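# Summary of the model geometry
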Amino acid sequence: MIDHVHDLRSVREATDRLLTAVAKLDNAALSEESHLPGWTRGHVLAHLARNADALVNVFEGRPMYTSGEAREADIGRDAGRPLEEQLADLRDSWNRFLATTEAPQDWSRTVELRNGITDSAARIPFRRLVEVELHHVDLNIGYELADLPAEFTTREIEFLADRWSGHGGVPATALAAEDGRTWRTGSAGEPAVTVHGTAAQLLAWLSGRADKGASLGTSGGPLPTLPPL
């Protein structure tokens with residue numbers, strides 16, 4: 001069951017961690033490469049700020065972004081700002097998101113995201129949590145997938161496994177964590193391939209952040225190729 005109150009509390013904690021970590025950087029660090037190809041740390045921070053505003057748009061019934069081109073242009077425009085401006089924007093956009101979620105509303109309603117994707121309003125806080133937690137890792141400043149809260153890692157594995165469930169381009173696949181937990185994804189039928197690893201390694205693969213699967217083990221076949229998110 002979706003608990004938006006719990007998720008908003010988790011987003012607050014994750015945002016506090018992010019802001020504390022970013023405040024320790026300097027201007028030069030923002031121009032260095034992140035873990036995302038072609039993006040500096042400044043690009044990641046700009047994206048996080050604009051994503052918060054985009055989710056406010058979702059809550060208020062507007063298009064999430066004017067267009068894909070405008071989204072990319074905004075990130076490129078804001079990526080080169082100095083640390084003080086990046087931090088102020090992150091805080092301000094977070095406060096706008098927070099104010100929107102604190103307003104009375106129907107959390108059971110369906111809202112529209114990008115590319116025609118729809119979801120329950122109650123799941124939007126978790127979607128923001130995903131952005132904050134995974135992009136904190138992407139900043140390449142010492143916060144790793146293994147540092148993510150265990151509850152978040154479990155839920156995001158479930159969310160991404162469900163995303164590829166029934167996808168004809170992904171073979172029926174079992175996911176087996178070292179702690180004994182299992183999930184399945186891919187096309188229907190009995191899993192032909194089992195992917196083994198820690199929960200963090202499985203999340204890395206599902207979210208497109210794995211080192212081409214080198215840290216994972218498989219049985220029954222090679223590591224499946226997942227479509228881009």
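Everything below is about the structure shown above.
Quantities reported herein were computed from a predicted structural model and do not represent experimental measurements. (Residues numbered from 1 in each chain as written. Predicted model: local features only at pLDDT ≥ 70, side-chain atom pairs only at ≥ 80, totals over all residues. Heavy atoms only, no water.)

If you trace the backbone, proline 222 turns up in the segment after β6 (217-219). Classification of proline 222 as exposed rests on a relative accessible area of 66%. Along the chain, proline 222 and threonine 194 lie 28 residues apart, while their C-alpha atoms are 9.1 Å from each other. (Helix = DSSP H or I, 4+ residues; strand = E, 2+ residues; numbered from the N terminus. Buried < 20%, exposed > 50% of the residue type's maximum accessible area, 1.4 Å probe, protein only.)

What the largest pocket holds in volume is close to 1,500 Å³. Lining the largest pocket are 48 residues, with Glu131, His135, Ser207, Arg209 and Leu229 positioned closest to its centre. Taken together, the elements giving at least two residues each to the lining of the largest pocket come down to α3 (41-59), α6 (124-138), α7 (150-164) and α8 (199-206). Ranked by residue count, the leading element in the lining of the largest pocket is α6, at eight residues. For the lining of the largest pocket, a count of residues per class yields 26 nonpolar, 10 polar and 12 charged. Approximately 190 Å³ is the volume attributed to the second largest pocket. (1 Å grid on protein atoms, 1.4 Å probe; cavity = no way out; pocket = protein on both sides within 12 Å on 5 of 7 lines; lining within 4 Å. Points joined across faces, edges and corners; volume = space filled by probe spheres on them. Nonpolar A, V, L, I, M, F, W, Y, C, P; charged D, E, K, R; others polar.)

A complete count under the given rule lists one cavity of 30 Å³ or more for this structure. Here the largest cavity defines a volume of roughly 30 Å³. Around the largest cavity, the lining residues are Thr15, Leu18, Leu19, Leu90, Trp94 and Arg128. Elements represented by at least two residues in the lining of the largest cavity include exactly α1 (4-22) and α5 (83-102). The leading source of residues in the lining of the largest cavity is α1, at three residues.

If you look at the biggest cluster of nonpolar residues, it comprises 67 residues, and the most contacted ones within it are Phe97 and Leu175. In this structure, phenylalanine 97 is in contact with Leu8, Ala52, Leu55, Val56, Phe59, Ile124, Pro125 and Arg128, ignoring residues within four places of it in sequence. (Core = buried A, V, L, I, M, F, W, Y, C linked by side-chain atoms within 4.5 Å. Contact = heavy atoms within 4.5 Å.)

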